[in-house]
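Each chain, written out:
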Amino acid sequence: MTSTGFRRTVAALGVGCLVLTACGSNDDSASGKTRITVNCMPPKSAAVDRRFFEEDVAAFEKQNPDIDVVPHDAFPCQDPKTFDAKLAGGQMEDVFYTYFTDARHVVDIKQAADLTPYLKESKGYGAVQKQLRDIYTVDGKVYGVPRTGYSMGLIYNRALFEKAGLDPDRPPVTWEELRADARRIAALGDGTVGYADYSAQNQGGWHFTAEMYAQGGDVVSADGRRAAVDTPAGHAVLRTLHDMRWSDESMGSKQLLVINDVQQLMGSGKLGMYLSAPDNIPILVKEKGGDYKDLALAPMPGGKGTLIGGDGYMFRKSDTPEQIRAGLKWLDHMFLTPGDGFLGDYARAKKADAPVGLPEPRLFTGAADARDQQVKKANANVPVENYRAFLDGSRRLRMRIEPPHAQQIYSVLDGAVSAVLTKKDADIDRLLKDASAKIDGILARG
């Protein structure tokens, strides 16, 4: 699944060319310039982001008069229905947007340029979190550059914590603590729900996966060939949900919820906690009636791992060395300069009344991270202390991307999650055995 919205924690808007001629290009040697096409420029409908992007491209070309950047826009940044066809047909941009989950696939179909020999020329790449760089590293070779990331955490309502006699500065760090806190919040009555979870439209399977990672489990084996849900971790996830729903009565009576239902509950002040990526916070405020001061974020309970998503750029296999060097310079300028560039110019974002200080997972390490955080803090216009636990705690968790064939697997796991939340006598052993067999079939079909 992906986050919603445009900026750093989110799947961005805008992609590439929808014309029939090739989007890529060779060096424009006649003009003495290296020409690169790039995608994921914000569409005209995202006026502010479009203006920022254009400003940054113009500044880059002024600093690098020997490089001509040709950006393409559309919606979304990557269309799964046309992605492979564009690659195979030579219509992909020279520097193209990908989700984290695309990296291995693009390498496997031999459509990615090996960036390894050129990375020493990048000023920003080495400062990126290793766990994110590893996503684009296959068999020791680097094929892409991370741009943004998000990780799942626990959004909670500080006001309800206080009302229930809980310390809002001490969110739950284990599933046992979460369960106890949810009981306390639900006991407030008046329709208050302690904890809510998704269980329909593949979103239940998505959250099951996140909860498995939090327990140290997985949904498929390390080699990607077999299901791994019929395990102690899988049983623990379903048993916890079942018991919170039926024994504790802390999840409310209405089930088969999807993201909008849960956001409405949280925005109305009737929900204590739910799992989410950080980009939900401005949605809760701007669209659902929430207040920044009441909304806080903690790391995933369990302390073992968290589901991450995000994006980056890869390069066409046919790119010339000059285009690869130019593309890496462009990525440095746009995305990998701490406190500056399209996603890091926090002062510019603040002037445009965009939220600054939201709890995005840190892209950088060391001095680069310190600089990025310093500039962000100086321009913050949201209560950053509400997110301190998430920012600090998430760095200790193992980052895990979504499984292969994620949406098909999520559809299977939806059934198991919805069953334990709607049937008091749900047979967890049988649910996991059935899910395991179905996932094995999906993986066998490739």
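Scroll up to find the structure this text is about.
Everything quoted here is computed from the prediction, not taken from an experiment.

Undergrad: Looking at this model, I keep getting lost on the overall build of the chain. Mind explaining?
TA: Assigned secondary structure in the chain consists of 17 helices and twelve strands. The globule rule puts the C-alpha radius of gyration for 446 residues at 22 Å, and the 22 Å found for the chain is close to it. C-alpha extents for the chain along the principal axes are approximately 75 × 50 × 35 Å. Scored against the burial criterion, the 446 residues of the chain give a buried share of 58%. Counting only contacts in the chain whose residues sit at least 6 apart along the sequence, the fraction spanning at least 24 positions is 77%. Carbon and sulfur atoms make up 50% of the accessible area of the chain, which totals about 18400 Å². Of note, the chain has its 56 positive side-chain charges centred 1 Å away from the centre of its 59 negative side-chain charges.

Undergrad: Help me out: how do you make sense of the packing of helix α6 (residues 175-186) against helix α8 (residues 232-246) in this one?
TA: Helix-helix packing: each pair is described by the crossing angle between the helix axes and the interaxial distance. As a packed pair, α6 and α8 sit with axes 11 Å apart at the nearest point and diverge in direction by 15 degrees. Relative to α8, the element α6 is oriented roughly parallel. Judged by the twist between their axes, the crossing of α6 over α8 is right-handed. Where α6 approaches α8, its residues W175, L178, R179 and A182 are matched on the opposing element by T240, D243 and M244. For the contact of α6 with α8, a count of residues per class yields four nonpolar, one polar and two charged.

Undergrad: Where do I start with the packing of α8 against helix α17 (residues 428-445) in this structure?
TA: Two elements in contact, α8 and α17, have axes separated by 10 Å at closest approach and are oriented at 125 degrees. Considering their axes alone, α8 and α17 lie oblique with respect to each other. For α8 against α17, the interelement crossing comes out right-handed. Across the interface between the two elements, G234, H235, L238 and R239 from α8 touch I428, D429 and L432 from α17. Considering only residue class, the contact of α8 with α17 consists of three nonpolar, two polar and two charged.

Undergrad: Would you take a moment to explain unusual backbone geometry for this structure?
TA: What is expected of a backbone is that most residues other than glycine have negative phi and most peptide bonds are trans. Of note, the phi angle at C40 is positive, near 70 degrees, even though the residue is not glycine. If you trace the backbone, C40 turns up in strand β1 (residues 34-41). Classification of C40 by relative accessible area gives buried; the value is 1%. Positive phi, normally seen in glycine, also occurs at D139, with a value near 55 degrees. Looking at the element boundaries, D139 is found in the loop between β4 (137-138) and β5 (141-142).

Undergrad: Explanation requested: the environment of P43 in the structure shown.
TA: Within the element layout of this structure, P43 appears in the loop between β1 and α1 (47-63). According to the relative accessible area criterion, P43 is buried, its value standing at 12%. Remark: the alpha-carbon pair of P43 and H72, spanning 29 residues in sequence, is separated by 9.0 Å.

Undergrad: In this structure, what is going on with the environment of P232? I would like to understand it.
TA: On the secondary structure map, P232 appears in helix α8. Separated by 94 residues in the primary sequence, P232 and A326 place their C-alpha atoms 49 Å from one another.

Undergrad: Quick question: what am I supposed to make of the pairing of strand β6 (residues 144-151) here?
TA: The side chains of a regular strand alternate between both faces of the sheet. Within β6, eight of the eight residues are buried, which leaves it mostly tucked inside the rest of the structure. The pairing of β6 with strand β11 (residues 305-315) spans seven bridges and is classified as antiparallel. Of the residues in β11, the one forming a bridge with S151 is I308.

Undergrad: Please explain the pairing of β1 as it appears in this structure.
TA: With seven of eight residues buried, β1 is to be regarded as a mostly interior element. With six bridges joining them, β1 and strand β2 (residues 67-73) adopt parallel strand pairing. By the bridge assignment, R35 is partnered in β2 with D68.

Undergrad: Help me understand the pattern of salt bridges, please; the structure alone is not making it clear to me.
TA: Side chains that differ in sign of charge can pair as their charged atoms come close. Taken as a whole and assessed by the stated rule, the structure comprises 25 salt bridges. Here D218 makes a salt bridge to R400, at a shortest N to O gap of 2.4 Å. Of the two residues, D218 is situated in the loop between α7 (203-214) and α8 and R400 in strand β12 (residues 398-400); the sequence distance between them amounts to 182 residues. In terms of burial, D218 and R400 fall into one category: buried. The residue D345 makes a salt bridge to R348 at a minimum N-O spacing of 3.8 Å. Here D345 falls in the partly exposed class, since its relative accessible area comes to 21%. A relative accessible area of 13% means that R348 is categorised as buried. Where salt bridges share partners, they join R51, E55, D56, D345 and R348 into one cluster.

Undergrad: Explanation requested: the packing of aromatic side chains in the structure shown.
TA: Aromatic ring pairs: the centre-centre distance and the angle between the two ring planes describe each pair. By the definition in use, this model includes 13 aromatic pairs. Centroid distance Y97 to Y99: 5.5 Å. Interplanar angle 80 degrees. Geometry classified as edge-to-face. In this structure, Y97 and Y99 share a single accessibility class: buried. Three or more aromatic residues joined by ring pairs make a cluster, and in this case those are F53, Y97, Y99, Y313, W330, F335 and F342.

Undergrad: What exactly am I supposed to notice about the nonpolar core here?
TA: Side chains of a nonpolar character, in soluble globular proteins, are inclined to be buried together. Grouped together as the largest cluster of nonpolar side chains are 74 residues, with contacts concentrated most on M152, Y195, F208, M273 and I439. M41, A103, F315 and A326 belong to the second largest nonpolar core, which has 54 residues in total.

So, how was this worked out
Residues numbered from 1 in each chain as written. Predicted model: local features only at pLDDT ≥ 70, side-chain atom pairs only at ≥ 80, totals over all residues. Heavy atoms only, no water. Helix = DSSP H or I, 4+ residues; strand = E, 2+ residues; numbered from the N terminus. Rg over C-alpha atoms; globule rule 2.2 N^0.38 Å. Buried < 20%, exposed > 50% of the residue type's maximum accessible area, 1.4 Å probe, protein only. Contact = heavy atoms within 4.5 Å. Areas by Shrake-Rupley, 256 points an atom, 1.4 Å probe, with all protein chains shown as cover. Lys, Arg positive; Asp, Glu negative; His and termini not counted. Charge placed at Lys NZ, Arg CZ, Asp CG, Glu CD. Axes fitted to C-alpha atoms, helices over the stretch in contact; angles between N-to-C directions. Parallel < 35°, antiparallel > 145°, perpendicular 65-115°, else oblique. Left-handed = near helix turned anticlockwise from the far one by under 90°. Nonpolar A, V, L, I, M, F, W, Y, C, P; charged D, E, K, R; others polar. Pairing = 2+ DSSP bridges. Salt bridge = Lys/Arg side-chain N within 4 Å of Asp/Glu carboxyl O. Phe/Tyr/Trp six-rings, centres within 6.5 Å; stacked < 30°, edge-to-face > 60°. Core = buried A, V, L, I, M, F, W, Y, C linked by side-chain atoms within 4.5 Å.

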